[in-house]
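Given next are the chains, with one letter for each unit.
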Amino acid sequence: MEVGQMQRRLIEYTKSLFMEGILDDQFLQLQQLQDESNPDFVVEVVSLFFQDAEKLLNDITRALDQQSVDFTKVDAHVHQLKGSSASVGAQRVKNGCIAFRNFCEEQNVDGSLRCLQQIKQEYYHVKNKLEALFRLEQQIVAAGGSVPMMELSF
Amino acid sequence: MQAFAVMLLPTALIPCWYSMISRVERQVNLNSQDFHSKLHYEIENTEKFLHPINSSATNLAGVLKLSLNGTKLSFSMIETKVAPLLFQAWSTIPYLSQISYTGLEGLFFSYYTGQNQTLAVYSNSSYNSRSSAPNVKKNLSCYIQHVNHETGELYGNSIECPSLNLVSKRWFQEALNSPNGYASLETGWNNSQDLILLSSARINGEGVISLGFSAQLLTTRFTSIDRQGGSLYLATKDGKVLIEELKNTHMVLAGNMVSVQLMKPNGEKKVLGNVSCIIKDGSPRASTLNIQGTEYMFYCSSLDIVGVQSVYVLAFPQKGLVSLVRKNWIVALALLIVIITSMVVSILSFAYIFVRAAKREMHLCAALIKQMEATQQAERKSMNKSLAFASASHDVRASLAGLTGLIEMCYEEANPGSELETNLRQMDTCAKDLLGLLNSILDTSKIEAGKMQLEEEEFDLAQLLEDVVDLYHPVGIKKGVDVVLDPYDGSAIKFSQVKGDRGKLKQILCNLLSNAVKFTCEGHVTVRTWVRKPSLQNSIIASSHNGLMKYLQCLFHKSNEAYNDLEAMNAAQQDPNAMEFVFEVDDTGNGIPKEKHISVFENYVQVKETALGQGGTGLGLGIVQSLVRLMHGDISIVDKEIGEKGTCFRFNVILSTCDNVSCNNTKAEDLEMVDGSHIPELTLSTPSPGLWLRTSSSKLTVHSTPSPKVTTSHVVLLIQNNERRRTSQRFMENLSIKVSVAKQWEHLPSTLQKIKHKENHSCHNSLGKSDLSSPSGYLSSSASNNSSGVEKDVPLSSMDGSNYMLSVFKRTTPKFASSFILIVIDACAGPFLELCRIVAEFKKGLHNATCKVVWLEKPTMRNINFKHIEEDLVDPNDVVISKPFHGSRLYQVVRLLPEFGGTLQGNSSKLKEEIKFQAEKVPKDPSSSRSKPRSPPSNGILTKEQEIQEIGNSNDEKPLSGKKLLVADDNVLLRKLTVAGLLKLGAIAETCVNGQEALDLVCKGLSDQRKLGASNILPYDYVLMDCEMPMMNGYEATKQIRKMEKSYGVHIPIIALTAHTSGGEAKVAIEAGMDVHLGKPLKKEHLLEAIRYIDTK
């Protein structure tokens, strides 16, 4: 594939991610933080987010499986997940977390489980998308091109 | 039910009452009968009492018979034997009115009472009764002689009187024949012919003793009995009436019957009825007769008076006691019936009313319940609507934001100048308008829901005002309306540093200004502000419309809401720093009719005539009012004077001033002024300079000042807009600056000529004489003295306008002997080239004065093109201001004057730069151009750099270079992110994973610094602290650090980081000792802003 075409595709793809509300401008901030001294910053941060989120999701799932659910614990986990997702700009996961915390406050197990399911779905969604994005970037780099920077503002 | 109970009572009482009454009646009847029988008894008693008199005649006869012993009586014997005996009897027997002895032969001797004297009548001749015929008896003579009533002897002459001829009388014969004596009713022998009861008895068949009792005396015995209204009738059996008391009646005895006859006035008699005198069962029978309309009870009974058989009749009027009782009984019954009926009627009516009232109440209750249900339903509906509304508008806003973003994106891509671009721009404007509308609706619903809360922060009020006015200035200029910020008395500048809700205040001002600009077609819009001490009254009015009532209610009810309100109010009141800021937005637009002055503040109300075609929802002023009230103020429309156009909105809010800050600022300014200018020449040695200078003559001033002449500056204003010219002039005059005004550019040359003349003239004079003609110079010296320390102690109330000003603008006395002339020219006032020429000419003519020109140009039309103008016309030192001439620009221009720290040509290029900077960039940071002497030494580099960055407005991305920061966060992701961000900003970052580590690091750093002997240098310039961490959370760590650093005497700025964005967390963070609170994820701009805030603090 031609480099220019790939670059256009990348831009289209990134735009679509923003349009769908999967990512927000925090992700742009991340991209801006990346420079020559720190070329893989975004990938590092996002993979950290993946680790963190998977661990937290497991914790939450386990906590909710318990006979008597300790909602303060769940809430703390969700809070962390919210922080993590917000810092990479995974907007939908973050929104899911906000809803989840409301259920935690109400101590609503059913709602929490539903929410958890939703968050998991969103998480895998965003994970797939981001991984696809990174693959595309790598392809561009491998083809000798540079990754175009996005300039989006709301 | 009650009514029946009440009715039951009289039905029980009436029989009771009836029986009682009948018992009384019976008793009364008995009593009266008793009385009647008592009367009978009494009469009988009287009769019995008289009874012994009956036998006295017989007894006397017996005694005489014995003393006579059957001898034939001669008159002499009668005189000697009978007469004394008669006299004895006469003296002893009561009621006796006459006593006599009558012999058959005609001998006669008697005593009787006549003319109140005892008289004796006797006849001493006798005749032979057997032979003589009755006619002979007439010859017998009779004599009357007086009697000595003690001895019975006769004395005086005897008078002859006609013979009584007693022998032939019927009673004499009867008595002679009856052995037991005889009694009858006769007439007496005295002259008055009184009725007497004669009781007689025979003596040996030859004579008769007769005792005569006065009937009148005896009957008085009967009549004297108390008969209680009864009448008595007494008659002998043979029909002779003794007593007859009943008037107009006559009673006739007929056997055992008494017939009662009525005597009519014409003499006729009418029989009324008969009364039977037969006695049954020992008591007489009563019979009732009607005499002339009156009922009488008649009782008849026989009686024996001194042996005379007689009959008496007692008549009682029926209307005695009984009839009285009976009558009263009827009246009482009638009364009772009336009472009962009235009672029944009243009870019934009461019951009726009661029932009706109950019915009505029930109806009302039902209506109320219905109404309440309806209200509740309506409230629920409204609530649901509000909620739905809020969420809907939130969504709409989100999509609108997306729209604007997309439009912007497209805008970038569109070819400039193409139709697409203009369309996009229009779309953008529409979307922004929509957003504005939506925001106002959202605000309204927020206020309605009571969710609006004040967000207190410190800010520069003067700056805010200037920003707002500058924001609307271009809009106004486009319409040909000038938007002017009037400095007024300068109080707002003095108390510029305030704490309050900046955003809402700005919203209010923006709203009012946009309204004013929108509805004004020509003229100007003026914004002015001043400060005053809050008065209680204002505050009360601010709390609500009927504040006093509410206040009272609060006192009594202490209902929670109201009480809280009051608390808040009191809090605002008690805050010693709380000041009342009054704002006025005055326009020359269409105006609002007076009757609409109140209603315009209601939601959705617009003044139809003026709002036509202007758009808007009519929510703006309602929101403004709500916001103003939220800030403990009130808004109203000030009445304009007749003939003046437009509207003037005035509102007041309570803001607390930050005294320390303003003090420090002024101090800093002081420092700056002293640095910038030279040492004041005017060091007075008089004991109390301020006082002396004001009172003494100016000569003294001159003598006491060894320095050269103090000159004054002169300002020439040529400003097109009246209002701006007026406000600027007044402001400068308040600062004791000489101001000359040219209203049109044609007047400028003459004005300048005048000044030039004066300048040159005074210059000559000043060589020999003191400058008497410069009052401002004289004033300035006193003011400069005052400002050193006295100024701050002056109580607020006594501060007048100029004092406010002077406290802001410190006067210093310049060294320069030459006077200074500042010309402020509106570049649009006339043809620019012409103006330049005039000014250049003026400058050439000046000998001993310095001149500076400030050009004001309209921001929208850049008509000053210096390149096209010859060099000799325009001084490179001239200042050009392209922003509206007010606020900070005005102050900067004033500071150009040497008295206010301005310098002359040498430094003027720098000044120009500064002003230009001020003009170009709507300044966000009030302290940007002024240095910040208070910032800690370690920040020195940063401050400079910042300044450079800001002034240069460059895109230098490393504002934090050389800074060392500590990042404490347990989340590796966030830590990495933060560090990367900091590195990008040029800072050095150290990390740790919890509060304990952070504490240890800070501790170590501090002790290391101490070892190096530089304990005042901070180990970390800033600490970014996550709040929720394992081991030790951010709050606790901050508390510990604060505790520890105290011993070192330093303050490490700590910035809190939380994922919570609510206000509560921020509060906790600040309470824990953190300086600023930021939300996660960390944004570059936020961090920089926070650092700037910390540095300025």
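Residues numbered from 1 in each chain as written. Chains lettered and ligands numbered in written order. Predicted model: local features only at pLDDT ≥ 70, side-chain atom pairs only at ≥ 80, totals over all residues. Heavy atoms only, no water.

The helix and strand tally for chain B stands at 32 helices and 35 strands. Among the 1097 residues that make up chain B, the fraction classed as buried is 46%. Across chain B, contacts joining residues at least 24 apart in sequence account for 65% of those joining residues at least 6 apart. Approximately 57300 Å² of chain B is accessible, and the part contributed by carbon and sulfur atoms is 56%. (Helix = DSSP H or I, 4+ residues; strand = E, 2+ residues; numbered from the N terminus. Buried < 20%, exposed > 50% of the residue type's maximum accessible area, 1.4 Å probe, protein only. Contact = heavy atoms within 4.5 Å. Areas by Shrake-Rupley, 256 points an atom, 1.4 Å probe, with all protein chains shown as cover.)

With that settled, the discussion passes to the environment of Ser440(B). In this fold, Ser440(B) is placed in helix H7 (residues 419-448). Put simply, Ser440(B) and Ile623(B) are 183 residues apart on the chain and 7.6 Å apart in space, counted from C-alpha to C-alpha.

Turning next to the side chain of Thr520(B). Residue and element names in this part refer to chain B. Considering the arrangement of structural elements, one finds Thr520 in the loop between helix H10 (502-518) and strand S22 (523-532). Residue Thr520 is classed as buried on the basis of its relative accessible area of 0%. Discounting residues that sit within four places of it in the chain, Thr520 has contacts with Lys479, Val481, Val525, Asp587, Thr588 and Gly589.

The next subject is the packing of helix H4 (residues 71-88) of chain A against helix H28 (residues 972-984) of chain B. The geometry of H4(A) relative to H28(B) is characterised by a closest axis approach of 9 Å and an angle of 35° between their N-to-C directions. With respect to the hand of their crossing, H4(A) and H28(B) are arranged in left-handed fashion. Of the residues in H28(B), those touching H4(A) at Gly83(A), Ser84(A), Ser87(A) and Val88(A) are Leu973(B), Leu974(B) and Leu977(B). Each residue belonging to the contact of H4(A) with H28(B) can be placed in one class, and the counts come to four nonpolar, three polar and no charged. (Axes fitted to C-alpha atoms, helices over the stretch in contact; angles between N-to-C directions. Left-handed = near helix turned anticlockwise from the far one by under 90°. Nonpolar A, V, L, I, M, F, W, Y, C, P; charged D, E, K, R; others polar.)

Every α-helix carries 3.6 residues per turn, so stepping three or four residues along brings you back to the same face. Along helix H25 (residues 888-896) of chain B, nine of the nine residues are buried, which leaves the element largely enclosed by surrounding structure. For H25(B), the set of buried residues is Ser888(B), Arg889(B), Leu890(B), Tyr891(B), Gln892(B), Val893(B), Val894(B), Arg895(B) and Leu896(B).

The biggest cluster of nonpolar side chains holds 53 residues, and the ones touching the most others in it are Leu86(B), Ile99(B), Phe109(B), Tyr111(B), Phe213(B), Phe222(B) and Ile305(B). For this core, the element with the highest residue contribution is helix H3 (residues 75-92) of chain B, accounting for nine residues. With near-sequence residues (within four places) excluded, Tyr111(B) lies in contact with Ala83(B), Leu86(B), Phe87(B), Trp90(B), Ser97(B), Gln98(B), Ile99(B), Thr118(B), Leu119(B), Ala120(B), Val147(B) and Gly152(B). Counting residues in each nonpolar core, the second largest holds 47 residues, with Leu48(A), Val74(A), Phe100(A) and Cys104(A) among its members. (Core = buried A, V, L, I, M, F, W, Y, C linked by side-chain atoms within 4.5 Å.)

With that settled, the discussion passes to the pairing of strand S17 (residues 294-305) of chain B. Residues and elements named next belong to chain B. Summarising burial for S17: nine of the 12 residues are buried, a large majority. For strand S16 (residues 286-291) and S17, the ladder comprises six bridges, and the chain directions are antiparallel. Considered in S17, the bridge of Ser287 is made with Phe298. Of the strand pairs in this sheet, S17 and strand S18 (residues 308-317) are connected by 10 bridges, and their pairing is antiparallel. In the strand pairing of S18, Ser301 is matched with Tyr312. Hairpin connection from S17 to S18: two residues lie between these consecutive antiparallel strands, with Val306 at a positive phi of about 45°. (Pairing = 2+ DSSP bridges.)

What follows concerns unusual backbone geometry. Residues and elements named next belong to chain B. Within the chain, Tyr95 stands out as a residue other than glycine whose phi angle is a positive 60°. By the secondary structure assignment, Tyr95 is in the loop between H3 and strand S1 (96-103). Notably, His632 is not glycine yet its phi reads approximately 60°, a positive angle. With respect to the secondary-structure elements, His632 resides in the loop between helix H15 (620-630) and strand S24 (634-638).

All right, on to the sheet that holds strand S10 (residues 241-244) of chain B then. Residue and element names in this part refer to chain B. With respect to topology, five strands assemble into an open sheet ordered S10-S9-S18-S17-S16, the strand pairing being antiparallel. At either margin of the open sheet sits one strand with a lone partner, and together these are S10 and S16. Each strand axis lies, on average, 25° off the axis of its neighbour in the sheet, ignoring direction. Sheet topology note: the strand S9 (residues 231-236)/S18 ladder contains six bridges and is antiparallel. By the bridge assignment, Thr236 is partnered in S18 with Ser310. Running at roughly 40° to S10, helix H5 (residues 215-223) makes contact with S9, S10 and S17 of the sheet.

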